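Residue strings, one per chain:
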Amino acid sequence: MRKQLWIGLLLGVIAYVTCGASAQSQALPGNTQKTARIALAQEFVRELEVLYRLQETAKKEFAEDSSGAGKLTTGIRVGTRTLFEMNDSINRLSVINVDSRWAEFRDALKKLHQERIVLVYEMNQTSKTLLAGPEPDVNYGKLTARAPEITAQVEQIDKIIFTIAKAMFFALVDDDRLGADGKLHYLILTKKDRTSMVQQIDKIFGPTLEDENASRIVSSAWVIKYGLTRPNYKAADEL
């Protein structure tokens, strides 16, 4: 990961909050950028669901066959699903035409998905090599030692997604509409869309949202829900 990129993202969030502290949605009529920002936030929530489902399915399938060969086979299966999903997410993000400020976050997500693809592909290849049996000139010790490094790198990706979630909520805040106190108190979502997004998050993640030991992916969804349910933010169609 490029440390400078993530520092830049964090500084961007801080600056945005300080200053202001999908196309099918009902955003303010005629404002294509706000519609695109809603689409970006909706896609972010969809991607959190995808990652959450992948992780939950992996837990279940690993528990079903705890043998060495079973774990390797399950790893390949889970990894292949992940490759398909991450490519799909990259393609979905690529057609969301947000402006430069939010394009930075969109492109950061794409880079994270690409990074996950590289790591998962490497893990798949390692599992295939181990399943194939002894071969000359293969350093099996090195392959085995690399596995925990890959796991840690994937965990770091999830951690960065959690950081991005803190910024992604502000894509839904209307920076063109100030309250009487000169601060931002309105969302670009209508009341209906706001309720719909909260209900969607509740349906996907359920009680895990309140789990203090929840994964970074679940915690990212909690961040979005928390912002949407704060009483100091009104929907776009509220007075």
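If you're wondering where the values come from, they're calculated on a predicted model, not measured in any experiment. (Residues numbered from 1 in each chain as written. Predicted model: local features only at pLDDT ≥ 70, side-chain atom pairs only at ≥ 80, totals over all residues. Heavy atoms only, no water.)

Tell me about the packing of aromatic side chains, residues and numbers included.
Overall, the coordinates contain five aromatic pairs when judged by the stated rule. An aromatic cluster is present here, built from F169, F170 and Y233 joined pairwise through their rings. For the cation-ring pair, R177 lies above Y186, with the distance from its terminal atom to the ring centre recorded as 3.6 Å. (Phe/Tyr/Trp six-rings, centres within 6.5 Å; stacked < 30°, edge-to-face > 60°. Lys NZ or Arg CZ within 6 Å of the ring centre and 35° of its normal.)

Which residues make up helix α2 (residues 32-64), and what values go with them?
In this model α2 runs 48 Å from its N-terminal to its C-terminal C-alpha over 33 residues, within 8% of the 48 Å that 1.5 Å per residue would give. If you check the start of α2, you find a side-chain oxygen 3.3 Å away from the backbone N of Q33, and it comes from N31. (Helix = DSSP H or I, 4+ residues; strand = E, 2+ residues; numbered from the N terminus. Expected span 1.5 Å × (residues − 1). Polar contact = N/O pair within 3.5 Å; in protein donor to acceptor, adjacent residues only side chain to side chain.)

Report on the pattern of salt bridges, specifying residues and quantitative values.
Taken as a whole and judged by the stated rule, the model has 18 salt bridges. The shortest N-O distance in the salt bridge between D174 and K34 comes to 2.9 Å. Taken together, the residues span a long stretch of sequence, with D174 in the loop between α5 (140-168) and α6 (191-205) and K34 in helix α2 at a distance of 140 residues. The same class applies to D174 as to K34, namely buried. (Salt bridge = Lys/Arg side-chain N within 4 Å of Asp/Glu carboxyl O. Buried < 20%, exposed > 50% of the residue type's maximum accessible area, 1.4 Å probe, protein only.)

Quick rundown of the environment of N97? Include the residues and the values.
Within the secondary structure layout, N97 lies in the loop between α3 (68-94) and α4 (100-132). Those residues in contact with N97 that sit more than four places away from it in its chain are Q33, A36 and R106. (Contact = heavy atoms within 4.5 Å.)

Run through the environment of K110, naming residues and quoting values.
You can see K110 is positioned in helix α4. Through-space distance from the C-alpha of K110 to that of L93 is 7.1 Å; in sequence the pair is 17 residues apart. Those residues in contact with K110 that lie beyond four places of it in its chain are I90, L93 and S94. Looking at K110, its side chain comes within polar contact range of the side chain of S94, at 3.1 Å.

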